[in-house]
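Next come the chains, spelled out residue by residue.
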Amino acid sequence: MRNGRKNTMRHRTLALAAAGALALGAWATGAVAETAPLDTQSAAPAATALERLPSFADLVEKVNPAVVSIRVDEEVAAGGPAGRPDLPFPPGSPFEKFFRDMQPQGPDGAQPRRHATALGSGFLISADGYVVTNNHVVGDGKDITVVRDDGSEMKAKLIGRDPKTDLALVKVESKEPLPYVVFGDSDGLRVGDWVLAVGNPFGLGGTVTTGIVSARGREIGAGPYDDFIQIDASINKGNSGGPTFDVRGNVVGVNTAIFSPTGGSVGIGFAIPSSIAQKVVAQLKDNGKVTRGWLGVTIQQVDEDVASTLALDKPRGALVAQVAEDSPAKKAGIQTGDVIVNVDGKEMEDVRAVSRTVADLKPDTQSKIVLWRDGKRKNITAQIGTFPEEVAMAAASPGDEAPVAGTTKSLGLALTQSPDGVVVQSVDPASDAAEKGVRPGDIIVKVSGKDVTKPADVVAGVAEASKADKNSVLLLLRSENQQRFVALTLEKS
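Because the structure is a prediction, the values reported are computed rather than measured.

**A few points about the nonpolar core**
Ranked by internal contacts, the top residues of the largest apolar core, which has 28 residues, are Phe-123, Ile-125, Val-132, Phe-183 and Phe-245. Counting only elements with at least two residues in this core, the list comes to α3 (57-63), β3 (130-133), β6 (167-172), β7 (194-199), β11 (251-258), β12 (269-273) and α6 (274-287). With five residues, the single largest contributor to this core is α6. When near neighbours in sequence (up to four residues on either side) are disregarded, Phe-245 contacts Val-63, Val-67, Val-181, Trp-194, Val-195, Leu-196, Val-198, Asn-250, Val-251 and Val-252. Val-427, Val-458, Val-462 and Leu-490 belong to the second-largest nonpolar core, a separate cluster that totals 21 residues.

Right under this line is the structure:
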């Protein structure tokens, strides 16, 4: 009975389906027709459009011989690069000491050494064997091997490296001229332009991916000269140091980082622009290191509040928060609170533009700098110095605090006196000061450009700004060995 019911239901379902199809066919054509083959002629426009899609095969064939894989062999502590074993629990766990005590140790109590291999990518830039890659790929460069696309291996020598831009230059020796690629114009790239990334992801060997320029001028916290090209061509671990090509086969970037919550490509990669790489590589080739221009100032971004407080027409340039003693800036008369708005005739858009422009200046040369001071432009000439390895800024650390000596309720700050000056004792968590990062222990150095030595000076400075009907007051703060400006909104009564 069950099978009979199933068969009956099946016939009814098929009948309904057939009836529906017949009814639809009759409604559409008035008659039932046999099924005809697909009309391939009507698909011709689609095929033509498909043929117009770009093929990068010729380009890849041209540039591939110049792209190499890089292998770096070294000895590291058994626990990893930092000499610490990876633990199966968070740092600080009560099991941490026990676990470490159980780790194998050498005769001197140190972690035993193990052999490790780092893999990356690079590209030849000359027929005589110069290869560009990332600094983090080669490290100290004790044992570097360059592997060409045909599988041949060549020992390489480290010529120089620059941690600030994460670039390095190595060299191989060859009796025959080697294929190479040249740098292109990264400044001419536009968002949406096609690019190709070539490299050695996960040690697989030569791999080509393609995509577009997603953004320009990205700052990712990698160093003081961040100005990355963001691309959506897939790059992964092992692509570091490989080239980004434009559609003409010129190198417009050096792949160096990815953004990924998983460790794999999610379509957000970053390349060092060729405009930066070319200058760094040229210095590494000539000198084995990079020499940069130096003014001797700590600078920060000018935001809307700071621009308004300083009567600037718009946020631009870089605000000088600190001047190093015996520096070119100090000798030239640059002061804390100045805004650098122009260097050698070039308007400075932001703090990164100032950093890059000054770094590109040749040491021991004269540079004409325009400052914004006291509401007007001021011209000075500075003798550019050489960027030192370590820069000592003039600063002091807060000492023992004295009892509370004053408050500025309009700013949400409680102040106290100390041997080092006016110290922020507490910050109202609901205040503008708290939102902008003012913290207990910060020392207030200046208010509206005037030095302060006691809480009453701060109170007077705030009252003066309020009386002048200003919307904000500019404080120069010092914490540890760094100074910075903060524009705090004034509460209106």
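Still to come is the rest of the account.
**Remarks on the packing of aromatic side chains**
Taken as a whole and assessed by the stated rule, the structure comprises three aromatic pairs. Measuring from ring centre to ring centre gives 6.0 Å for Phe-123 and Phe-183, while their planes differ by 80°; the resulting arrangement is edge-to-face. Of the two residues, Phe-123 sits in strand β2 (residues 113-124) while Phe-183 sits in the loop between β6 and β7, which places them 60 residues apart along the sequence. For the pair shown, Phe-123 and Phe-183 are each scored as buried. The cationic tip of Lys-171 hangs over the ring face of Tyr-130; the distance from NZ or CZ to the ring centre is 5.3 Å.

**Here we look at the pairing of strand β15 (residues 318-323)**
In terms of residue burial, β15 counts as a mostly covered element, since six of its six residues are buried. The pairing of β15 with strand β16 (residues 339-343) spans two bridges and is antiparallel. Looking across to β16, one finds that Ala-318 is bridged to Ile-340.

**As for the sheet that holds β7**
Pairing is antiparallel in the closed barrel, where six strands are placed in the order β7-β8-β9-β12-β11-β10. Across the sheet, the mean angle separating the axes of adjacent strands is 45° when strand polarity is ignored. Pairing between β11 and β12: five bridges, direction antiparallel. Bridging across to β12, Gly-253 finds its partner in Pro-273. Across the sheet, α6 is in contact with β11 and β12; its angle to β12 comes to roughly 50°.

The rules we used
Per chain, residues are indexed from 1 in the order of the written sequence. Local features are withheld for residues below a pLDDT of 70 in this predicted model, meaning they are given only at 70 or higher, and side-chain atom pairs are given and counted only at 80 or more; totals for whole chains, interfaces and linings count all residues. Only hydrogens and water are set aside when side-chain values are computed; all heavy atoms of the structure are taken into account. By nonpolar core we mean a set of buried residues, namely Ala, Val, Leu, Ile, Met, Phe, Trp, Tyr and Cys, connected to one another through side-chain atoms within 4.5 Å. Three exposure classes are used, based on accessible area relative to the maximum for each residue type with a 1.4 Å probe and protein chains only: buried under 20%, partly exposed in between, and exposed over 50%. Numbering of helices and strands runs from the N terminus; a helix is a DSSP stretch of H or I covering at least four residues, while a strand is a stretch of E covering at least two. For this analysis, residues touch if any pair of their heavy atoms sits within 4.5 Å. Geometry of aromatic contacts follows a simple scheme: Phe, Tyr and Trp rings, the Trp one being its six-membered ring, pair when their centres are within 6.5 Å, and the pair is stacked under 30 degrees between planes, edge-to-face over 60, tilted otherwise. We call a charge positioned over a ring when the NZ of a Lys or the CZ of an Arg lies within 6 Å of the ring centre and within 35 degrees of the ring normal. When DSSP finds two or more bridges between two strands, those strands count as paired. Axes here refer to lines fitted to C-alpha atoms; in helices the fit is confined to the stretch in contact. Angles between the N-to-C directions go from 0 to 180 degrees.

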